[in-house]
There are 2 protein chains.
Amino acid sequence: MQKAGNTIEVCFSPALFGLFDSKDCIVVVADVLRATSSICVAFEHGAGRIVPVETTEESMAYRNKGFIVAAERKGEMVPGFDLGNSPFSFMSRDLKGKTIALTTTNGTRAIRAAAGSYKVAIGSFLNISALCRWMAGEGKNVICLCAGWKNKFNLEDTLFAGAVVSYLTGKAGFYTECDSALAASHLYEKAKPDLYNFLENSSHRKRLQRLHIEKDIAYCLTPDQTSVIPVLEGDFLVNLNS
Amino acid sequence: MQKAGNTIEVCFSPALFGLFDSKDCIVVVADVLRATSSICVAFEHGAGRIVPVETTEESMAYRNKGFIVAAERKGEMVPGFDLGNSPFSFMSRDLKGKTIALTTTNGTRAIRAAAGSYKVAIGSFLNISALCRWMAGEGKNVICLCAGWKNKFNLEDTLFAGAVVSYLTGKAGFYTECDSALAASHLYEKAKPDLYNFLENSSHRKRLQRLHIEKDIAYCLTPDQTSVIPVLEGDFLVNLNS
């Protein structure tokens, strides 16, 4: 990884994000199982705007404003909400032009944590190539912020971050001196032949296995299902490509 | 990694240690380049006790009590101190029965962070097998706390943690559902054939390269140079095996 062009760093937890100088960076938030994958699916299916909120109460308050409300806690849809956190639930409704209020355990909080940076983008395997192509042309340093699980490191977001590192340092002339980026890239290269099986022992995978959503996981690990690039504008996520 | 016996977890940063329930655990603190390696060398060469302190001022105050004082900041010995942080400097002095006050950038702070647990032990490649054999017989869960660099993830401490995970889950019947432990173990298995070269691009290695201490690094990555097991007793590190 030669010194040339922009840098790519990886942050393994929202709790560590304060250690990074993100003001002039593009921050890619990843919570690939499943919040940021579902956000990509929602935009692919025509959603207009998505407001990420911290609490289920806050989310419910948006229903009165005509929003579709989506909420997940501990991997399951919260009773009384329109949608949970499964990417398939975002395919089954007519979302054309609709605004969605979304609260998830980890993803939403990570998005909020990154809000002070040059630009916050939403990353998942589903939009990874479109996202990386866009970042390669922006001339900005990049930080991948892994949402993790309650501020702890997780494998699936790290593999996504590693894929971004591999892409940007490979094709786009980025370089890195960030140990987290190097580790993520090593892990991704090892996992790449079969991400699904590599994650077999991971903590979140086990958590989701108990919920019988193997289909969600397989889908969320499939690259390049969409070219949407969700970015934060004020309080709302919008699709840069719409 | 089957469910049986005790668990092993890995914490990548002192800033994340509060997320772990460490009260009844053995916590292994690792700052392998170079604080915890040098601590092992000091005990191997007969040091009686080592007091880890936070600040250079605190360390200097111990000189008046007849302590040998050691301090490193940004990888270099602080002027006016007896010793820095190179393992070789701890070999060159007569330390027999002496008490040392040691302050380092990251290691000391990690030791302090872990102080509320069942037992704090000091880990490095230099004492790894002795340490793991001892932990395998203690019947306690284990957390490896990587000192990192100013609370950021680093590769060298992660490789050490991965080696501990591989040892304990392999020979000692430990199991893990901790993603950090799985990641560390994957990285160690990849790096094992040549740790020195694997770290070539790492941030701290580059930092140390600028200081011309390649010899220190090579030594710190050499397994099983000693069977000391430094543990914290009150404010002091002592050698459990002395």
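See the structure printed just above.
All of the points below concern the structure found in this document. If you're wondering where the values come from, they're calculated on a predicted model, not measured in any experiment.

## Considerations on the relation of the copies chain B and chain A
In screw terms, the move from chain B to chain A is a rotation of 180° and a rise of 0.0 Å along the axis, fitting with an RMSD of 0.0 Å. Expressed as an axis order, the relation between the two copies is that of a two-fold axis. The position closest to the rotation axis in chain B is occupied by the C-alpha of B:Leu187, lying 3.5 Å away. Interface overlap between copies: 100% of the residues of chain B at the interface are likewise at the interface in chain A, consistent with a symmetric, same-surface contact.

## Regarding the pattern of salt bridges
Within the structure shown, the criterion is met by 12 salt bridges over all chains. Taking the shortest distance from any N to any O, the salt bridge between A:Lys192 and A:Glu189 comes out at 3.0 Å.

## A short note on the interface of chain B and chain A
If you look at the interface, chain B gives 29 residues, while chain A gives 29 residues. Regarding the contact of chain B and chain A, the summed buried area is about 2,400 Å², with carbon and sulfur atoms giving 61% of it. Viewed at the interface, chain A and chain B are joined by 2 salt bridges. Across the pair B:Lys152 and A:Glu9 runs a salt bridge whose closest N-O atoms are separated by 3.9 Å. Elements supplying a minimum of two residues to the side of chain B that touches chain A: α5 (155-170), α6 (179-191) and α8 (203-209) of chain B.

## Description of the state of the cysteines
Applying the stated criterion across every chain yields a total of 0 disulfides over all chains. Cysteine A:Cys25 shares no disulfide, and the gap to the nearest cysteine sulfur, in A:Cys178, comes to 11 Å. Classification of A:Cys25 by relative accessible area gives buried; the value is 6%. Counting only cysteine sulfurs, B:Cys146 is the nearest neighbor of B:Cys144, a cysteine outside any disulfide, at a range of 6.4 Å.

## Quick notes on the pairing of strand β4 (residues 68-73) of chain B
All names here are of chain B. Burial analysis of β4 places 5 of its 6 residues in the buried class, which makes it a mostly covered element. As paired strands, β4 and strand β6 (residues 99-103) are joined by 4 bridges and run parallel to one another. Within β6, the residue paired with Val-69 across the bridge is Ala-101. Bridge count between β4 and strand β5 (residues 76-77): 2 bridges; the pairing is antiparallel. The residue bridging Arg-73 from the neighbouring strand is Glu-76, located in β5.

## Observations regarding the packing of helix α6 (residues 179-191) of chain A against α6(B)
Two elements in contact, α6(A) and α6(B), have axes whose closest approach is 10 Å; the angle formed by their N-to-C orientations is 80°. On the basis of the axis angle, α6(A) is roughly perpendicular to α6(B). The residues of α6(B) that touch α6(A), namely those facing A:Ala183, A:His186, A:Leu187, A:Glu189 and A:Lys190, are B:Ala183, B:His186, B:Leu187, B:Glu189 and B:Lys190. Per-class residue counts for the contact of α6(A) with α6(B) are 4 nonpolar, 2 polar and 4 charged.

Rules used in this analysis
Residues numbered from 1 in each chain as written. Chains lettered and ligands numbered in written order. Predicted model: local features only at pLDDT ≥ 70, side-chain atom pairs only at ≥ 80, totals over all residues. Heavy atoms only, no water. Least-squares fit on C-alpha atoms with pLDDT ≥ 70 in both. Contact = heavy atoms within 4.5 Å. Salt bridge = Lys/Arg side-chain N within 4 Å of Asp/Glu carboxyl O. Buried area = accessible area lost by both parts, 1.4 Å probe. Helix = DSSP H or I, 4+ residues; strand = E, 2+ residues; numbered from the N terminus. Disulfide = S-S within 2.5 Å. Buried < 20%, exposed > 50% of the residue type's maximum accessible area, 1.4 Å probe, protein only. Pairing = 2+ DSSP bridges. Axes fitted to C-alpha atoms, helices over the stretch in contact; angles between N-to-C directions. Parallel < 35°, antiparallel > 145°, perpendicular 65-115°, else oblique. Nonpolar A, V, L, I, M, F, W, Y, C, P; charged D, E, K, R; others polar.

Geometry only, nothing functional implied.
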